[in-house]
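Coordinate analysis (summary)
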Amino acid sequence: MMRIPLTFGIAALGVALFHLAGLPLPWLLGPITASLIAALAGVKMKGIKPLNEGMRTILGVAVGATFTPVLLGSMAGMWPTLLLIPLMVLSIGLIGVPYFMRIWGYDFATSYYSTMPGGLQDMLVFGEEAGGNPRTLSLIHATRVMVIVVALPFILQGFWDADLSKPPGAPARDVPFTQLLLMVGCAIVGWQGAKRIGMFGASILGPLIMAALFAVLGLLQHRAPAEAIWAAQFFIGMTVGVKYSGITMTEVRRDIAAGLGFCVILIVLTLIFVEAVYGFGLAPGMDALLAFAPGGQAELTVLALIVGADVAFVIAHHVLRIFVVILGAPLFARLFR
């Protein structure tokens, strides 16, 4: 029972240390880093799953609120870059599966579902049902998300001088109370409704759809306040870090090393696609990087919100990536086994 308050304390310590050191995204990267260090030291950690999922609804509402009629009209022009997403997923699979099988000796199921850049929970379910190693899958995907999320802020600052210190939204005191109530309604109804029908990413996509509907109708005119987004960052960061709880040094030497090597492959592939998108003038470089980076949808949404990127562009590409991976993973696994 003490694991939960201990986990919260570790995550909060990470936030404080990042603030003191002046490091970027303290509410997100602080909990991730502190939790990883604690896990390597043998500390047993645990989160509160319903609360963690509930906090993700904040991101769905924040993104959905940006879907104004003008913004929706602009999405029709995204098709050239959206078509590149399936090609990128295929490229990752063709390189990643042989990498895990031949270099690290994993079986096909573990290699395939370690490679697919989908949601961690979805890939764990599919991979375990296919006979893969769920522990290995968890470590590799958690490593992928962590490395991408940790590296991106420094890349954004280095290449685009992005301001990662500015608040991700207006303070709560500046948002009308009726708007806050509407956001809460979108979050709860959207999440539970999407969950009831079995929608993937229900905690984000359900609220996103509800908030977008009200935004298009002109009823939702504000985005989630800064305090809510900071809370979402904290719980997302802690959730990623908790995935490392209980790891052994043997797992660290093998699975995390394999995951880090795979991250190099992912980064190279991402840069190739981003350069192509930017080179042909299809999107600004920062938007392209956030849209094609194969990290967690929630974490990259946070970054897009903070740096002022085209949130609709970023989320559209990540939703398509997750959609392609979730629908295609079981099918292609059977075809190529």
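Residues numbered from 1 in each chain as written. Predicted model: local features only at pLDDT ≥ 70, side-chain atom pairs only at ≥ 80, totals over all residues. Heavy atoms only, no water.

Considerations on the overall build of the chain
- Counting secondary structure elements, the chain contains 16 helices and zero strands.
- If one aligns the C-alpha atoms of the chain with their principal axes, the spans along those axes are about 55 × 50 × 45 Å.
- Taking all 337 residues of the chain together, 53% fall into the buried category.
- Restricting to contacts in the chain with at least 6 residues of sequence separation, those with at least 24 account for 76%.
- Summing over all exposed atoms, the chain offers an accessible surface of approximately 14,800 Å²; the carbon and sulfur share of this is 70%.
- Each charge sign in the chain was given a centre, from 19 positive and 15 negative side chains, and these centres are 9 Å apart. (Helix = DSSP H or I, 4+ residues; strand = E, 2+ residues; numbered from the N terminus. Buried < 20%, exposed > 50% of the residue type's maximum accessible area, 1.4 Å probe, protein only. Contact = heavy atoms within 4.5 Å. Areas by Shrake-Rupley, 256 points an atom, 1.4 Å probe, with all protein chains shown as cover. Lys, Arg positive; Asp, Glu negative; His and termini not counted. Charge placed at Lys NZ, Arg CZ, Asp CG, Glu CD.)

What to know about the environment of Gly131
- Mapped onto the secondary structure, Gly131 falls in the loop between α8 (120-129) and α9 (134-160).
- When the C-alpha atoms of Gly131 and Phe18 are compared, they prove to be 40 Å apart, with 113 residues separating the residues in sequence.
- Beyond its immediate sequence surroundings of up to four residues, Gly131 is in contact with Asp107 and Ala109.

A word on the packing of helix α10 (residues 177-196) against helix α11 (residues 202-216)
- Where α10 contacts α11, the axes come no closer than 7 Å and their chain directions differ by 130°. Considering their axes alone, α10 and α11 lie oblique with respect to each other. As α10 runs across α11, the sense of the crossing is right-handed. Counting all contacts with α10, which are made through Leu182, Cys186, Ala187, Val189, Gly190, Trp191, Ala194 and Lys195, the residues of α11 involved are Ala202, Ser203, Gly206, Pro207, Met210, Ala211 and Phe214. (Axes fitted to C-alpha atoms, helices over the stretch in contact; angles between N-to-C directions. Parallel < 35°, antiparallel > 145°, perpendicular 65-115°, else oblique. Left-handed = near helix turned anticlockwise from the far one by under 90°.)

Points about the confidence of the model for the chain
- Averaged over all residues, the pLDDT of the chain is 83; the fraction at 70 or higher stands at 90%.
- Per-element averaging of pLDDT across the chain places helix α4 (residues 69-74) at the bottom with 67 and helix α6 (residues 84-104) at the top with 94. (pLDDT = per-residue confidence, 0-100.)

What about α11?
- End to end, α11 covers 20 Å across 15 residues, agreeing with the expected 21 Å (1.5 Å per residue, within 8%).
- Every buried residue belonging to α11 is among Ala202, Ser203, Ile204, Leu205, Gly206, Pro207, Leu208, Ala211, Ala212 and Ala215, and all of these are buried.
- Among the residues trailing α11, Gly218 stands out with phi positive, at a value near 85°. (Expected span 1.5 Å × (residues − 1).)

A closer look at the packing of aromatic side chains
- Summed over all chains, the structure comprises 12 aromatic pairs.
- A ring pair is formed by Phe234 and Phe235, whose centres lie 5.5 Å apart and whose planes are at 85°; its orientation type is edge-to-face.
- Looking at Phe234, the relative accessible area reads 11%, which means it is buried.
- With relative accessibility at 8%, the residue Phe235 sits in the buried group.
- Connected via pairs of aromatic rings, a cluster forms that spans Phe8, Trp27, Phe234 and Phe235. (Phe/Tyr/Trp six-rings, centres within 6.5 Å; stacked < 30°, edge-to-face > 60°.)

A word on the packing of helix α1 (residues 3-21) against helix α12 (residues 226-242)
- At a minimum axis distance of 10 Å, the contact between α1 and α12 shows a crossing angle of 115°. As α1 runs across α12, the sense of the crossing is right-handed. Along its contact with α1, which presents Thr7, Phe8, Ala11, Ala12 and Val15, the element α12 presents Phe234, Phe235, Met238 and Val242.

A few points about the nonpolar core
- In this structure, Leu152, Tyr244, Leu290, Phe292 and Val307 are the most contacted members of the largest nonpolar core, which totals 91 residues.
- Val97, Tyr112, Met123 and Leu137 belong to the second largest nonpolar core, which has 10 residues in total. (Core = buried A, V, L, I, M, F, W, Y, C linked by side-chain atoms within 4.5 Å.)

A look at a nonpolar patch on the surface
- A cluster of nonpolar side chains, Leu87, Leu90, Leu94 and Ile95, forms an exposed patch at the surface whose accessible area comes to about 370 Å².
- Relative to the helices and strands, Leu90 is located in helix α6.
- The exposure class of Leu90 is partly exposed, given its relative accessible area of 44%. (Patch = residues over 30% accessible without salt bridge, like charges linked within 9 Å, V, L, I, M, F, W, Y side chains within 5 Å. Salt bridge = Lys/Arg side-chain N within 4 Å of Asp/Glu carboxyl O.)

What to know about the environment of Val252
- Relative to the elements of secondary structure, Val252 occurs in helix α13 (residues 249-279).
- For the pair Val252 and Leu40, spaced 212 residues apart in the sequence, the C-alpha separation amounts to 8.5 Å.

With respect to α1
- Taking 1.5 Å per residue, 19 residues should reach 27 Å; α1 reaches 27 Å between its end C-alpha atoms and fits that length.
- Taken together, the buried positions of α1 are Thr7, Ile10, Ala11, Gly14, Val15 and Phe18. Down the axis of α1, the sector holding all buried residues measures 140°, keeping them to one side. Turned more than 90 degrees away from the buried face of α1, the exposed residues are Leu13 and Leu20.
- Packing partners of the buried residues in α1 comprise α2 (26-40) and α12. (Arc of directions from axis to C-beta.)

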